[in-house]
Amino acid sequence: MIIYKEENEIIKKALENLDIPDRVYIFDTTLRDGEQTPGVSLTPEEKIEIAIKLDDLGVDVIEAGFPVSSLGEQEAIKKICSLNLNAEICGLARAVKKDIDVAIDCGVDRIHTFIATSPLHRKYKLKKSKEEIIEIAVEAIEYIKEHGIKVEFSAEDATRTELDYLIEVYKKAVEAGADIINVPDTVGVMIPRAMYYLINEIKKEIKVPISVHCHNDFGLAVANSLAAVEAGAEQVHCTINGLGERGGNAALEEVVMSLMSIYGIKTEIKTEKLYNISQLVSKYTEIKVQPNKAIVGENAFAHESGIHAHGVLAHALTYEPIPPELVGQKRKIILGKHTGTHAIEAKLKELGIEIGKDINKEQFDEIVKRIKALGDKGKRVTDRDVEAIVEDVVGKLAKEDRVVELEQIAVMTGNRVIPTASVALKIEENLKKSSAIGVGPVDAAVKAIQKAIGEKIKLKEYHINAITGGTDALAEVIVTLEGYGKEITTKAASEDIVRASVEAVIDGINKILAKKEKS
Ligand SMILES: CC(=O)SCCNC(=O)CCNC(=O)[C@H](O)C(C)(C)COP(=O)(O)OP(=O)(O)OC[C@H]1O[C@@H](n2cnc3c(N)ncnc32)[C@H](O)[C@@H]1OP(=O)(O)O
Ligand SMILES: CC(C)C(=O)C(=O)O
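The structure reproduced in this document is the subject of the present report. (Residues numbered from 1 in each chain as written. Chains lettered and ligands numbered in written order. Predicted model: local features only at pLDDT ≥ 70, side-chain atom pairs only at ≥ 80, totals over all residues. Heavy atoms only, no water.)

Here we come to the pairing of strand 15 (residues 475-483). The buried count for strand 15 comes to 7 of 9 residues, which makes it a mostly enclosed element. As judged from the 9 bridges shared by strand 14 (residues 457-466) and strand 15, these two strands associate in the antiparallel manner. When the bridges of strand 15 are listed, E461 appears paired with T480. Here 9 bridges tie strand 15 to strand 16 (residues 486-494), and the two strands are oriented antiparallel to one another. Looking at the pairing, E476 lines up with A493 of strand 16. (Buried < 20%, exposed > 50% of the residue type's maximum accessible area, 1.4 Å probe, protein only. Helix = DSSP H or I, 4+ residues; strand = E, 2+ residues; numbered from the N terminus. Pairing = 2+ DSSP bridges.)

The structure is reproduced here in structure tokens:
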């Protein structure tokens, strides 16, 4: 695995003299804070399946839920606890006896108990004094410890709490038996420099492991988590796909890959499983992963720009910080408006088509032109589109062998007009015009061509396939024509079905006429 701290002079210098842990513990809260994503509600079966996958992934702690919240939650947490997973199973509890009892009854290994400490929460939500808050916290921690269960204590809204008071709360929590102290940035107001400062201050006074829980209200959850680690935090709370309240929590995949690939910090995560679990969580939560999401987004390792694709084809690291396989993804070369010839050549090779063997330079140039034209219409060009374009270009007779060329076509259709088409064809050196009506614009266009060509060539079969979805899909038309004792099947592809139909028919006519002349 590439480690930027070792290879990049700037990062190496920036991290010099920091006391960064060699190993960071990953506390996954997808099944608790992740499930607090508005609109998300997982069934016990889904929670159990995700927990098994999280364990497989290698997270150290699974916060399986908030036991007191519902009977379904308790059922899921009990089942998860009975699975004997490698990860420690944690349940959230307010600093309330009832919450703690329910969590104990579920059989969790760790109870994450919390109480808000900031002036705002003290005054408006809890209506409690500073002293009362400390008393409630201490009582809850002692009660959990009496049951022989590990305690993680959070001062909710820690980052908006007076620093002296916050440290006092944490000191009292540790004295009461808290095994680990969590620092939540509940509404995501921290900036990395402030988070570094805060953790540094807490570490001067608190000697149990420090954890952070960062929200993403300003898009800084991952950066703040990393700043906390730079200051010595040993555990990070995160969720798959960054799910969580409001803007979400620090995304596990981003935290883990940054820790491992940039800082060279050890975690137990099997990174090649990241993409799969991201997909599973997305499926069950019905929250789509944005395509440009780091690490697990569909575009995280996709390249369309000609210059990037050229670079990546020469050496993947030019435009990829880590190999896609490291996180279970695949590199994708996307063809479209910004594509260059190197990428198209590589895509054709991938599809088994070689320049100089299967297609000539002229055909390649035509394929490039067609792909860029399709991209210009705002389309993402799929492999099937490329195959259809290649078949279309390769299947066409060379210009000098063609007898009939389409000079012009116009179609008219609507709800109050009879579909009508007029065509102008150049047949050898003569211009022939004709028009026809039909049941629709395609029928009218094909009939107009037939009229211009004469009775001797007939359309026997006609099929149309949309290659990709959408009204702007590339359509492939396959026609069988009969004439002069021959039967010819040809195809053409275009985003315009009338054009595709006309091109397929004219190509077939040319092939029949060419054959006729040769025979
Ligand atoms: C920052 C976070 O993410 S915290 C976790 C948030 N997650 C959730 O709330 C999801 C699950 N929650 C629930 O199912 C419910 O809110 C329950 C079961 C926990 C509580 O439900 P209810 O008893 O009906 O109370 P409700 O949710 O309306 O209000 C919260 C109560 O808890 C109190 N409270 C809030 N946090 C704490 C705390 N850490 N310790 C003690 N009491 C607390 C509030 O003051 C309020 O008390 P009140 O009823 O005496 O006024
Ligand atoms: C319970 C705590 C850690 C929390 O979720 C928060 O403060 O965001």
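After that view of the structure, there is still more to cover.
On the surface, a cluster of negative charge is made up of E131, E132, E135, E139, E142, E146, D164 and E168. Of all the elements in the fold, those that place two or more residues in the negative patch are helix 7 (130-146) and helix 8 (163-176). With respect to the helices and strands, the residue D164 is situated in helix 8. Here D164 falls in the exposed class, since its relative accessible area comes to 67%. (Patch = residues over 30% accessible without salt bridge, like charges linked within 9 Å, V, L, I, M, F, W, Y side chains within 5 Å. Areas by Shrake-Rupley, 256 points an atom, 1.4 Å probe, with all protein chains shown as cover. Salt bridge = Lys/Arg side-chain N within 4 Å of Asp/Glu carboxyl O. Lys, Arg positive; Asp, Glu negative; His and termini not counted. Charge placed at Lys NZ, Arg CZ, Asp CG, Glu CD.)

Glancing now at the layout of surface pockets. Approximately 880 Å³ is the volume found for the largest pocket. Broken down by element, the residue count for the lining of the largest pocket peaks at 7 residues, all from helix 15 (residues 361-376). Residues that form the lining of the largest pocket fall into these classes: 11 nonpolar, 3 polar and 14 charged. The residue makeup of the lining of the largest pocket includes at least three contributed by each of domain 2 (302-321 + 328-395) and domain 3 (399-518). Its volume calculated, the second largest pocket comes out at about 330 Å³. Along the walls of the second largest pocket sit 22 residues, with N216, N241, G242, Q290 and K293 positioned nearest its centre. Residue classes in the lining of the second largest pocket are distributed as 8 nonpolar, 10 polar and 4 charged. (1 Å grid on protein atoms, 1.4 Å probe; cavity = no way out; pocket = protein on both sides within 12 Å on 5 of 7 lines; lining within 4 Å. Points joined across faces, edges and corners; volume = space filled by probe spheres on them. Nonpolar A, V, L, I, M, F, W, Y, C, P; charged D, E, K, R; others polar. Domains from an automatic or database assignment.)

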